[in-house]
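# Chains, contacts and geometry: an overview
If you want the building blocks of each chain, they are given just below.
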Amino acid sequence: MPDETIFDTLTKRTDKQLLEPDRWVEQHADYLFSYAFNRLNDEETARDLVQDTFLSALEKVDHFRGDSTERTWLTAIIKYKIIDVYRKKSSGLVKKDTLVCEYEEEFFDPNLNNWKREHWPQPFGVEEHDPLHNKEFISVLKRCMQKLPALWLSVFTMKHMDEEQTEIICKELRLSSSNYWVIMHRAKVNLRSCLQKNWL
Amino acid sequence: MKNELKTDLEKIAYNCRKATFLIEKKQEEELTAREKMELKLHLAGCYICRVYEQQSMLINDLVKNLFNGDKPTGIKLDDDYKAQLQKKITEKIKKN
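In this report, we go over the structure that sits alongside the text.

Before going further, it helps to examine the interface of chain B and chain A. At the interface, 47 residues of chain B touch 64 residues of chain A. Across the chain B to chain A interface the summed buried area is about 5400 Å²; carbon plus sulfur atoms make up 68%. The interface formed by chain B and chain A contains five salt bridges. Two residues, Lys 188 of chain A and Glu 24 of chain B, come together in a salt bridge whose shortest N-O distance is 2.9 Å.

So this is what it looks like as structure tokens:
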């Protein structure tokens, strides 16, 4: 189909899903914006990514096979752009020192490896009261997540928000699998401790 | 020296750093038989790490729930920006 214009491709009738770029903004812009904002916590960047996504999607319409919905397809595109942002933010942070310092000596005794007394996990007191819908608790959690170093937050977000495969995270962020586990551990120990400090 | 741990069992019993590491790992993949045993032994005697484990799982649930299905957060693009964006898209379609 050498002479087929982009517009013909777009509007071609098949029994599969169609793309309607004329309605993208109306139908998907807010969704994609909120998707990106949730993962980046930065309106400016999220907004830019929505635009980038639409414009680069237009260039890729030939790749759209119609197996998924338009929204799923656009979401996959913005997801890669978000990972790119993570990668840029965290590049250079994979250096040894950021991995070794910080919490090692803070939470655990350097010789015995047990919890230091002042860092003992205490019950939050929300466990029996439907914590999944406790708005105040969730907002403390969100603030604590934003305090994590960029690389840790990227790894943590990819894992838990998108349930990404560990190998994919390692590949995208250029981490070894042992670094991955160290980061997940540190991120969680820090996050939990921040929750305790700010909640109790 | 008072602080020296002699037996393997003692080392496992004290090692909250390792136990919390295994607690994280366990939530994503199956531990080796040895790791399972170590964690079980440790948790049997360590109330603090049992609290940690419960909270660690709660945090995972919360984070998943928070973004699951990307429920609308109420955050929206403003209309001017959308109009501009639509214009750019239309132009680009025409160009091709």
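Residue and element names in this part refer to chain A. Interaxial distance between helix α2 (residues 24–40) and helix α3 (residues 43–59) falls to 8 Å at its minimum, and their mutual angle equals 135 degrees. Regarding the angle of α2 to α3, the classification is oblique. With respect to the hand of their crossing, α2 and α3 are arranged in right-handed fashion. The segment α2 lies against α3, with Trp 24, Val 25, His 28, Ala 29, Leu 32, Phe 33, Ala 36, Phe 37 and Leu 40 engaging Glu 43, Thr 45, Ala 46, Arg 47, Leu 49, Val 50, Thr 53, Phe 54, Ala 57 and Leu 58.

A few words now on the environment of Glu 26 of chain A. When you line up the elements, Glu 26 of chain A lands in helix α2. Each C-alpha atom of the pair Glu 26 of chain A and Thr 72 of chain A lies 16 Å from the other, and the pair is 46 residues apart in sequence.

All names here are of chain A. A complete count under the given rule lists one disulfide over all chains for this structure. Across the disulfide from Cys 144 sits Cys 194; the S-S distance is 2.1 Å. Here the disulfide of Cys 144 and Cys 194 is left-handed, its torsion about the S-S bond being about -80 degrees. Here Cys 144 is found in helix α7 (residues 135–147), whereas its partner Cys 194 is found in helix α10 (residues 177–199), with 50 residues between them in sequence. In terms of burial, Cys 144 and Cys 194 fall into one category: buried.

Analysis parameters
Residues numbered from 1 in each chain as written. Chains lettered and ligands numbered in written order. Predicted model: local features only at pLDDT ≥ 70, side-chain atom pairs only at ≥ 80, totals over all residues. Heavy atoms only, no water. Contact = heavy atoms within 4.5 Å. Buried area = accessible area lost by both parts, 1.4 Å probe. Salt bridge = Lys/Arg side-chain N within 4 Å of Asp/Glu carboxyl O. Axes fitted to C-alpha atoms, helices over the stretch in contact; angles between N-to-C directions. Helix = DSSP H or I, 4+ residues; strand = E, 2+ residues; numbered from the N terminus. Parallel < 35°, antiparallel > 145°, perpendicular 65-115°, else oblique. Left-handed = near helix turned anticlockwise from the far one by under 90°. Disulfide = S-S within 2.5 Å. Buried < 20%, exposed > 50% of the residue type's maximum accessible area, 1.4 Å probe, protein only.

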